[in-house]
Amino acid sequence: MKKIFIVLLGVLFTSLTHADYNANMTGVITQLLTYAGSQTILFALNNQPSSHPSCNHYYFSLGSDIDDASRSRTYARLMVAYTTGERVNIGYDNAGSCADGYIRAYRVG
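This one's a predicted model, so the numbers in the text were calculated from it and none came from an experiment.

**Student:** In this structure, what is going on with the side chain of Arg71? I would like to understand it.
**Tutor:** Take Arg71: it is sitting in helix H2 (residues 68-84). For Arg71, a relative accessible area of 7% puts it in the buried group. For Arg71, the residues in contact, after removing those within four places along its chain, are Gln39, Ile41, Leu62, Gly63, Ser64, Asp65 and Ile66.

See below:
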């Protein structure tokens with residue numbers, strides 16, 4: 001029983017101290033920005049959040065710290081949605097963790 005309590009306490013402590021994917025927003029991509037010589041990919045939705053506690057709220061960012069394969073797959077998904085005007089569901093962090101100064105997007109679906 002003591003081991004279970006310690007494991008549960010560890011899980012609770014970890015979840016309280018680490019900002020992560022904690023919100024979803026569905027919308028149409030209105031801007032998709034890339035920069036030559038940079039791994040930064042920014043995008044905005046038609047109903048982009050109007051504020052954020054710690055990040056620039058004008059764009060979502062995939063983050064330059066994700067691996068190349070993940071960035072390529074997610075960028076392809078963003079490009080298809082942007083080109084076709086398809087609504088996408090964005091999983092993001094609405095409370096803390098920024099990516100390149102903008103709202104960190106964890107999932108594009």
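**Student:** For this particular structure, what's the right way to read the nonpolar core?
**Tutor:** Burial of nonpolar side chains together is a common tendency in soluble globular proteins. Ile29, Phe43, Phe60, Leu78 and Ile90 are the most contacted members of the largest nonpolar core, which has 18 residues in total. At the level of elements, strand S1 (23-34), strand S2 (41-45), H2, strand S4 (87-92) and strand S6 (102-108) are the ones that each hand at least two residues to this core. Looking at which element gives the most residues to this core, the answer is S1, with four residues. Aside from chain neighbours lying at most four places away, what touches Ile29 is Phe43, Ala44, Leu45, Leu78, Ala81, Tyr82 and Val88.

**Student:** Where do I start with the side chain of Gln48 in this structure?
**Tutor:** Within the element layout of this structure, Gln48 appears in the loop between S2 and strand S3 (56-61). Within the structure, Gln48 has its side chain in polar contact with the backbone nitrogen of Leu45 (distance 2.9 Å). From its side chain, Gln48 meets the backbone oxygen of His57 in a polar contact 3.2 Å long. Apart from residues no more than four positions distant in its own chain, Gln48 is found in contact with Phe43, His57, Tyr58, Tyr59, Phe60 and Ile103.

The rules behind these values
- Residues numbered from 1 in each chain as written.
- Predicted model: local features only at pLDDT ≥ 70, side-chain atom pairs only at ≥ 80, totals over all residues.
- Heavy atoms only, no water.
- Helix = DSSP H or I, 4+ residues; strand = E, 2+ residues; numbered from the N terminus.
- Buried < 20%, exposed > 50% of the residue type's maximum accessible area, 1.4 Å probe, protein only.
- Contact = heavy atoms within 4.5 Å.
- Core = buried A, V, L, I, M, F, W, Y, C linked by side-chain atoms within 4.5 Å.
- Polar contact = N/O pair within 3.5 Å; in protein donor to acceptor, adjacent residues only side chain to side chain.

Remember that the coordinates give geometry; whether it matters functionally is a separate question.
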